Amino acid sequence: MSAAETPAELASTTHAAHIDLEIGGMTCAACAQRIERRLNKLDGVTATVNYATEKAAVQVADHSEAVVAELIAAVEKTGYRAQEPAPLTEEPSAASPAARDLAGLRRRLLISAVLTLPVVLLAMIPALQFPWWNWVSLALTLPVVLWAGWPFHRAAVLNARAGAATMDTLISLGTLAALLFSLYAMLFGAAGDPRLRHDFVFFAEPPWASDAAHAMGATNIYFEVAAAVTVFLLLGRYFEKRSKSQAGQALRSLLNMGAKEVAVLREGTEVLMPVRELAVGDEFIVRPGEKIATDGTVVTGASAVDMSMLTGESVPVEVAEGDSVTGATMNSSGRLVVRASRVGADTQLAQMARLVEQAQSGKAEVQRMADRVSGIFVPIVLVIALVTLLVWLILGPSAESAFTAAVAVLIIACPCALGLATPTALLVGTGRGAQLGILIRGPEVLEASRGIDTVVLDKTGTVTTGAMKLAAMHSARGWSLRNAGDDELLCLAGALESASEHPIARAVTNAARETLGSVAGKLPGVSDFSNHQGYGVSGIVSGHTVMVGRRELLRQQGIEVPDDLAGLLAQAESQGSTPVLVAVDGGLAGVLIVSDAVKETSAEAIARLDGMGLSTVLLTGDNSGAAHRVAAEVGIEEVIAEALPKDKVAAIRALQQQGRTVAMVGDGVNDAAALAQADLGIAMGTGTDVAINAAGITVMRGDLRAVADSLALSRRTLRVIRSNLFWAFGYNVAAIPLAAVGLLNPMLAGAAMVFSSLSVVGNSLRLRGFKGV
């Protein structure tokens, strides 16, 4: 291959391919735009770079090693790092760009914080200033500004090459100006005197009034300003990077939910092997309580399969020979032999992972509020500093006074408090949230909460408990055993079902123990127990022949269901409940109705959301009857039922296209893609890891009322961040004119930054008093 060949020319006859790249070294959205422009200049390449996920999605003609190498080279020529991401099932490598950036920031932050503390104390407390303290401060400050602050300087240079100025530019210029000016004062002025005393002076004498400008410039040093600004900004950058490092965890959790090993039949013998080695056509065994290794078709056996984590259906699905089963679902009862039909990236689980990834990458970038303001603020500050320098060179008593005034402008504008505005509010807000059982992922989540007007709720495990429970029981007309009625019916059925592992059986047994006041071991014993795969169970209880199961099981024994109970069966099924028939000694005894129970707090939670002016929608994979029954019980008017995972994503997207800003609340794997697609994802902590990792907010209590609290806390925290930013900029903007006319020396600039930082911290601490809705 020649160096001139482009990705399109490498495989002009092949279909388009998709390549993902992890990008390292980005510090703001401008970096992402710069890389994107560079990649799109390559022939045959269409690229999108997402700063939030630190990834580039590239469409090329062919996915080959040569093409990937050329793309990586293009990114590196722009001044950044790139590599292909590791497989989703693997933990992030320590050598990945994101991991290297995070580790580097942590190292720089810790070392610079240790070095900066004595510098600040020495500068602000004259009593601590020993002989040669100024030179010690210089020695401590140099590595902080030049080494720890290198990411800011590097970004400023890259921005300058592209003709752009960002907050990194201001940080770099401000810290370097403070360092260089202090170094000048030590080498060429009186500030290098080992006996120097650095008084904490707020206001300087106007330069035009005397020779104060020369004295000020020659005796004052501002190492604490340069070092403290660097540390505060590193702190903010570290928290931002750490939040981003979780990208991809949702997808890894999703794929890791599947079975790890599988028992494959080889010439009639079971061979244990890793699931990744399965091939289409292999037959494997799934025992009760095991996960199904991959998508396939049942060859022999019958069982109930719990598919709730993929479909949202709370009722287990009965499967038998010829039925399809899905990988990662749980076999609840019988032994199955399954023939693999899809493996690896073709499985439904892998397809769901791609849905989550696409929903995440399709989101618009959330740019920090400080970055948005700095787009205007930074160029203005640079112009003011330059104008100040030129005017003082023309009108001032000396070049030193001109430089002093210009440096004061840069330092007072240097965004020390901005480095604390977001992380302090986020730390206090999330800390208070943790006390209330609410986990907020990052500042972009807070921004998303601001415009939410619609809350979409999954049913199973969110509005309902997600666990099967006996909802009702009806005795057959004329049936009675020792005149005990329904209690005796439940006792016999519960005793028989105690020998089964089926989820419905557990619901019946638990109800029998609760209703009758029995404990484990006190229910009547069972003999001659038989499991009729896919139909029900039978056995002898207290000398009576008892059968519990589906209508077909009783028909096989010649037992018919009368019209009155048949109507109950139809009604229960239409509402999404599961009816279970009970026969005793060859006669129909009654029917037990099992369903997913609504949480006690759900109706109150819906009322709270309504009180906040939010519309609520129930979105579920259950049938329409069950969905409307639950919605009516808790007070939800809008219902979307029988939705598969991809349908849930489409439903969220349709609401967004109507102009709504949507928060999605869910707890299952089947909700993960919808959680990612929504403007804000809220996961119930009692649900699966993938749902939690795909969401921006996690409600750990499993109480739907906490969803309202989470939205209120998010909005409150966002308001605090915005007010922090206002005051942080306010101090700077108010002092810039004073610095420009020479009434403010750089020492006062440093003091103003300390004061603005304290006000930001104090404002953030108000969040500790949040009590909920």
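For every chain, the first residue of the written sequence is number 1, and numbering continues from 1 onward in sequence order. Where local features are concerned, this predicted model is filtered to residues with pLDDT of at least 70; where side-chain atom pairs are given and counted, the filter is 80 or more; whole-chain, interface and lining totals use all residues. Heavy atoms throughout the structure, all of them, feed into the side-chain values; hydrogens and water do not.

(A) Representation of the overall build of the protein chain. Scanning the protein chain from N- to C-terminus turns up 28 helices and 26 strands. Burial status follows relative accessibility: with a 1.4 Å probe on protein chains alone, a residue under 20% of its type maximum counts as buried, one over 50% as exposed, and anything between as partly exposed. Across the 773 residues in the protein chain, those meeting the buried criterion constitute 54%. Note on areas: these come from Shrake-Rupley sampling with a 1.4 Å probe, and a residue is covered only by the protein chains present in the view. Summed over all atoms, the accessible surface of the protein chain reaches about 32,000 Å², with 57% contributed by carbon and sulfur. Comment: elements are numbered from the N terminus, with helices defined as DSSP H or I runs of at least four residues and strands as E runs of at least two.

(B) Here's a closer look at unusual backbone geometry. Positive phi outside glycine occurs at W132, with the angle close to 75°. In this fold, W132 is placed in the loop between helix 4 (97-124) and helix 5 (133-148). A positive phi is found at D528, a non-glycine position, where the angle reads about 55°. Considering the arrangement of structural elements, one finds D528 in strand 17 (residues 526-532).

(C) Structural detail: the sheet that holds strand 26 (residues 697-699). The seven strands are arranged 14-26-25-24-15-22-23 in an open sheet whose pairing can be described as mixed. Each edge of the open sheet is held by one strand with a lone partner, namely strand 14 (438-440) and strand 23 (638-640). For this sheet, the mean angle separating the axes of adjacent strands, direction not counted, is 20°. Sheet analysis places strand 14 next to strand 26, joined by three bridges and oriented antiparallel. When the bridges of strand 26 are listed, I440 appears paired with I697. Contact criterion: two residues are considered in contact whenever any of their non-hydrogen atoms come within 4.5 Å of each other. Only C-alpha atoms enter the line fits that serve as axes; for helices the fit covers just the stretch in contact. Angles between N-to-C directions range over 0 to 180 degrees. Sheet contacts for helix 24 (residues 645-657): strand 15 (454-457), strand 22 (615-619), strand 23 and strand 24 (662-666); angle to strand 24, the most-contacted strand, approximately 155°. Two strands make a pair as long as DSSP finds a minimum of two bridges between them.

(D) The arrangement of the sheet that holds strand 5 (residues 261-266) in detail. Across the sheet, which stays open at both edges, the six strands sit in the order 6-5-7-13-8-11 with antiparallel pairing between neighbours. In this open sheet, the two strands that pair with only one neighbour each are strand 6 (269-274) and strand 11 (324-325). Note that strand 5 and strand 7 (residues 283-286) share two bridges and pair antiparallel. Bridging from a neighbouring strand, A263 pairs with I285 of strand 7.

(E) Summary view of a positive patch on the surface. Together, R37, R38, K41 and K77 give the surface a local cluster of positive charge. Relative to the helices and strands, K41 resides in the loop between helix 2 (29-40) and strand 2 (46-50). Look at K41 and you get exposed, because its relative accessible area is 67%. Patch members must show over 30% relative accessible area and no salt bridge, and they are joined within 9 Å when carrying like charges or within 5 Å when they are nonpolar side chains of Val, Leu, Ile, Met, Phe, Trp or Tyr. Take a side-chain nitrogen of Lys or Arg and a carboxyl oxygen of Asp or Glu: if they are within 4 Å of each other, that pair is a salt bridge. When charges are tallied, Lys and Arg are placed among the positive residues and Asp and Glu among the negative ones, while His and the ends of the chain are skipped. For charged residues, the charge sits on one atom: NZ in Lys, CZ in Arg, CG in Asp, CD in Glu.

(F) View of helix 19 (residues 503-516). Multiplying 1.5 Å by the residue count of a helix minus one yields the expected span of that helix. With 14 residues, helix 19 should reach 20 Å at 1.5 Å per residue; the first-to-last C-alpha distance of 20 Å fits that figure. Turning to helix 19, its buried residues are P503, I504, A505, A507, V508, T509, A511 and A512.

(G) Structural detail: the packing of helix 5 against helix 6 (residues 150-161). Remark: helix 5 packs on helix 6, axes separated minimally by 5 Å, with the N-to-C direction vectors making an angle of 45°. With respect to helix 6, the element helix 5 is oriented oblique. Residues V145, L146, W147 and A148 of helix 5 touch helix 6, and the partners they reach there are W150, P151 and H153. Our angle categories are set so that under 35 degrees counts as roughly parallel, over 145 as roughly antiparallel, 65 to 115 as roughly perpendicular, and the remainder as oblique.

(H) Molecular detail of the UniProt feature "transmembrane region" (unreviewed entry) in the protein chain. UniProt positions are given in the numbering used here, feature names are shortened, and annotations may be inferred rather than shown by experiment. When the UniProt feature table is mapped onto this chain, "transmembrane region" (unreviewed entry) is found at residues 109-126, 132-150, 170-192, 212-235, 373-395, 401-428, 724-741 and 747-765. For the annotated span residues 132-150, helix accounts for 89% and strand for 0% of the residues, and the straight-line distance between the end C-alpha atoms is 27 Å. Secondary structure content for residues 170-192 is 83% helix and 0% strand, and the end C-alpha separation is 27 Å.

(I) Layout of the side chain of Q129. Inspection of the secondary structure assignment puts Q129 in the loop between helix 4 and helix 5. Accessibility expressed as a relative area gives 2% for Q129, which makes it buried. For the purposes of these results, a polar contact is taken to be a pair of N or O atoms within 3.5 Å, where, inside protein, one atom must be able to donate a hydrogen and its partner to accept one; residues adjacent in sequence count only when each atom of the pair is a side-chain atom. Side-chain polar atoms of Q129 contact the backbone oxygen of L122, separated by 2.9 Å. Excluding its chain neighbours within four sequence positions, the residues that come into contact with Q129 are L122, A123, L196, R197 and H198.

(J) Representation of helix 5 in the model. Taking 1.5 Å per residue as the helical rise, helix 5 with its 16 residues ought to reach 22 Å, and the 22 Å between its terminal C-alpha atoms agrees with that figure. Its maximal kink placed at T141, helix 5 deviates by approximately 30°, while the proline P143 follows within four residues. Across the chain, bend at a residue is computed as the angle between axes fitted to the seven residues ending at that point and the seven starting from it.

(K) Fine view of the packing of aromatic side chains. Ring pairs are drawn from Phe, Tyr and Trp, using the six-membered ring of Trp, whenever the two centres fall within 6.5 Å, and their geometry is named by plane angle: stacked under 30 degrees, edge-to-face over 60, tilted for the rest. For the coordinates displayed, the defined rule picks out two aromatic pairs. With a centroid separation of 5.6 Å and an interplanar angle of 35°, the aromatic rings of Y184 and F188 are classed as tilted. Of this pair, Y184 and F188 both sit in helix 7 (residues 167-188), four residues apart, which is roughly one turn of that helix. Judged by relative accessible area, which is 33%, Y184 ranks as partly exposed. Here the aromatic cluster, defined as three or more aromatic residues joined through ring pairs, consists of F181, Y184 and F188. When the ring centre of Y80 is taken as origin, the NZ or CZ atom of R154, which lies over that ring, is 5.4 Å away. Cation placement over rings: the criterion is NZ of Lys or CZ of Arg within 6 Å of the ring centroid and within 35° of the ring normal.

(L) Region of the structure containing the side chain of T454. Relative to the helices and strands, T454 is located in strand 15. The exposure class assigned to T454 is buried, which follows from its relative accessible area of 1%. Look past the residues within four positions of T454 in its chain and what remains in contact with it is S615, V617, R660, T661, V662 and A663.

(M) Region of the structure containing the pattern of salt bridges. For the coordinates displayed, the defined rule picks out 11 salt bridges. Note that D282 is salt-bridged to R266, the shortest N-O span being 3.1 Å. You can see D282 sitting in the loop between strand 6 and strand 7 and its partner R266 sitting in strand 5, a full 16 residues away along the chain. According to the relative accessible area criterion, D282 is buried, its value standing at 11%. Between R339 and E283 there is a salt bridge, with its nearest N and O atoms 2.8 Å apart.

(N) Looking closely at the environment of L496. Checked against the element boundaries, L496 lands in helix 18 (residues 486-497). Sequence-wise, L496 and V537 are 41 residues apart; in three dimensions their C-alpha atoms are separated by 7.7 Å. The contact partners of L496, leaving out residues within four places of it in the chain, are V526, F529, V537, S538, G539, V541, V546, M547 and V548.

(O) Fine view of the confidence of the model for the protein chain. Summarising the model, the protein chain shows a mean pLDDT of 77, and 77% of its residues fall at 70 or more. Contacts for the low-pLDDT stretch residues 201-207, under 50 throughout, to residues beyond four places or in other chains number 22 contacts. Looking at any residue, its pLDDT shows the predictor's confidence there, from 0 to 100. Segment residues 210-217 is flagged for pLDDT under 50; beyond a separation of four residues in sequence, or across chains, it makes 16 contacts in the model.

(P) Layout of the pairing of strand 3 (residues 55-60). Burial along strand 3 is one-sided: A56, V58 and V60 are buried, and none of K55, A57 and Q59, which face the opposite way, are. Two strands pair when backbone bridges link them, and strand 1 (residues 17-24) and strand 3 are joined in this way by six bridges, in the antiparallel orientation. Across the sheet, the residue bridging to E22 is K55, located in strand 3.

(Q) Region of the structure containing the environment of L158. Structurally, the position occupied by L158 is in helix 6. Sequence separation between L158 and T78 is 80 residues; the distance between their C-alpha atoms is 8.4 Å.

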